[in-house]
Amino acid sequence: MREKFMELWERHSDILAHSCGIREPLLSLDPVLEAYGMPVDAGDNPRLAAHYKAHHRMFEQLDFFAVTARGEFLAFYRTEGYSGNPPVAKLDSEGQYGWAGADLADALYWAAEDEGSDLTGWLKDQGFACPEGFELGASTQFLPGIDKWHLRFYREWLGELVGKDKVSPSGEPDAYDPSTWLGHKGEAVRDLIARAHGEDELRKYWVSCDARGFVQSARVLKPSLGVAGITLGCGREELLRTFGEPTQSGAIRLYYDKGPIRLHFTIQGERIVKMMCMTIGDSQ
């Protein structure tokens, strides 16, 4: 895919620069190393050394191919299953990682969107499929949470106790109860949503995953879904009758801790307008 990007750059560098904010391609890892340093630069500081080592462990899984006008580095994710059309990661100027897109076309589409441009027609002319109608973040929601990798690696290098990996639940997830999706692999939940609600629903931003790819938070986006019979549109009184007094509450938000799960409800006009569930550790 690096070759595909270089081919695009050679023929359409003006479009990639002006519409996507690509400054230049990367021919080596040197600019990234210069920006983020080497472990030897840490001297006798163990935390700084762990910080550098965590970055370098990240670099082993990323094939950097471009830098943007904002100073972000773009990279293909090196992993089995994506060898032909891998996801694209980004590393910003503050050392934060994130997903730029589910593949190269997706990354270019959202980069152009961020720059106020629409590359749909151009991408199709280049033979790419476009994420038309997708909400921001929807195309990468079932991937492992790359933003959490660095901290995980950092703590491992320090020898700190990283929270014990959660075991995937033994029960099957219920397509109509997003709280049962927590702890299951993102790919499994993606397939569940597609089968039960249709492929078009994957255009919505339903979930986020932890560093290992297990669902750690889920949103209730349709009135036909709910938790313990509570759905969007239910009244505050019905919520209180079902769950009792909340663990925490605010002017319009109620929070319930149920074992390892935290439930969030947003109330407007005495009715539930937003619902979300997440694992307790991740909500904190």
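Our structure's up above, just so we're on the same page.
Residues numbered from 1 in each chain as written. Predicted model: local features only at pLDDT ≥ 70, side-chain atom pairs only at ≥ 80, totals over all residues. Heavy atoms only, no water.

1. Things to note about the overall build of the protein
Formally: Here a strand is any run of E in DSSP of at least two residues, a helix any run of H or I of at least four, and the numbering for each starts at the N terminus. Each residue gets one of three labels from its accessible area relative to the maximum for its type: buried under 20%, exposed over 50%, partly exposed in between, using a 1.4 Å probe on protein chains only. Every residue pair with non-hydrogen atoms within 4.5 Å of one another is taken to be in contact. Areas reported as accessible are Shrake-Rupley estimates using a 1.4 Å probe. Residue values count occlusion only from the protein chains shown. In this charge count, Lys and Arg are treated as positive and Asp and Glu as negative; neither His nor the chain ends contribute. A charged residue contributes its charge at one atom only: NZ of Lys, CZ of Arg, CG of Asp or CD of Glu.
Check the secondary structure of the protein and you find nine helices and 13 strands. When its C-alpha atoms are laid out on the principal axes, the protein stretches across 60 × 55 × 35 Å. Counting across all 284 residues of the protein, residues that qualify as buried make up 48%. Within the protein, contacts between residues at least 6 apart in sequence are counted, and of these 51% link residues at least 24 apart. Here the protein has roughly 14400 Å² of accessible surface; of this, 48% comes from carbon and sulfur atoms. Computed over 31 positive and 43 negative side-chain charges, the separation of the two mean positions in the protein equals 6 Å.

2. Quick word on the packing of aromatic side chains
Let me state the cut-off plainly: Here a pair means two rings of Phe, Tyr or Trp (six-membered ring of Trp) with centres within 6.5 Å. Their orientation is stacked below 30 degrees between planes, edge-to-face above 60, and tilted elsewhere.
Inspection of every chain in the model, using the stated rule, returns 14 aromatic pairs. Between Tyr-109 and Trp-110, the ring centres sit 5.1 Å apart and the planes meet at 85 degrees, which makes this aromatic pair edge-to-face. Overall, the relative accessible area of 13% leaves Trp-110 in the buried class. A centroid spacing of 6.0 Å and a plane angle of 40 degrees characterise the contact between Phe-243 and Phe-265, whose relative ring orientation is tilted. In this pair, Phe-243 is assigned in helix α8 (residues 236-243) and Phe-265 in strand β12 (residues 261-268), connecting sequence segments 22 residues apart. The exposure class of Phe-243 is buried, given its relative accessible area of 14%.

3. Description of the environment of Glu-113
Within the secondary structure layout, Glu-113 lies in helix α4 (residues 104-114). A relative accessible area of 43% means that Glu-113 is categorised as partly exposed. Once the C-alpha coordinates of Glu-113 and Gly-269 are considered, the two residues, 156 residues apart in sequence, prove to be 35 Å apart.

4. Some details on helix α3 (residues 46-60)
We apply this condition: To estimate how far a helix should extend, the number of its residues minus one is multiplied by 1.5 Å. Two N or O atoms form a polar contact when they lie within 3.5 Å of each other; inside protein one atom must be a possible hydrogen donor and the other a possible acceptor, and for residues adjacent in sequence the pair counts only when both atoms belong to side chains.
The terminal C-alpha atoms of α3 lie 21 Å apart, and with 15 residues this matches the ideal 21 Å at 1.5 Å per residue to within 8%. For α3, the secondary structure elements touched by its buried residues are α2 (30-36), β2 (62-68), β4 (88-91), β5 (97-101) and α6 (149-158). In this structure Asn-45 caps α3, since a side-chain oxygen of it lies 3.0 Å from the backbone nitrogen of Arg-47.

5. Side note on the sheet that holds β4
Backbone hydrogen bonds are what pair the strands of a sheet, in a parallel or an antiparallel way. We apply this condition: Note on pairing: DSSP must find at least two bridges between two strands before they are called paired. To get an axis, a line is fitted to the C-alpha atoms, and for a helix only the part in contact is used. The angle between two axes follows their N-to-C directions and goes from 0 to 180 degrees.
Read across the open sheet, the five strands follow the order β1-β2-β3-β4-β5; overall the sheet is antiparallel. Whereas interior strands pair on both sides, the edge strands pair on one side only; in this sheet they are β1 (22-25) and β5. Averaged over all pairs of adjacent strands, the angle between their axes in this sheet comes to 40 degrees, without regard to strand direction. Two elements, β4 and β5, share four bridges in a ladder whose sense is antiparallel. Among the inter-strand pairings, Val-88 is bridged to a residue of β5, identified as Gly-101. Sheet contacts for α3: β2, β4 and β5; angle to β2, the most-contacted strand, approximately 100 degrees. Packing of α4 onto the sheet brings it into contact with β2, β3 (73-77), β4 and β5, and relative to β5 it is tilted by some 100 degrees.

6. Thoughts on the packing of helix α1 (residues 2-20) against α4
Threshold: Any angle between 65 and 115 degrees counts as roughly perpendicular, while under 35 counts as roughly parallel, over 145 as roughly antiparallel, and the rest as oblique. Left-handed describes a crossing in which the near helix is turned anticlockwise from the far one by less than a right angle; the clockwise case is right-handed. Amino acids outside the nonpolar list (Ala, Val, Leu, Ile, Met, Phe, Trp, Tyr, Cys, Pro) and the charged list (Asp, Glu, Lys, Arg) are all regarded as polar, and Gly is one of them.
Taken N-terminus to C-terminus, the directions of α1 and α4 make an angle of 15 degrees; their axes are 11 Å apart at the nearest point. In terms of their interaxial angle, α1 and α4 are classed as roughly parallel. Taken as a pair, α1 and α4 cross one another with a handedness that is right-handed. Residue-level contacts link Lys-4, Phe-5, Leu-8, Leu-16, Ser-19 and Cys-20 of α1 to Leu-104, Leu-108, Ala-111 and Ala-112 of α4. Among the residues forming the contact of α1 with α4, the class breakdown is eight nonpolar, one polar and one charged.

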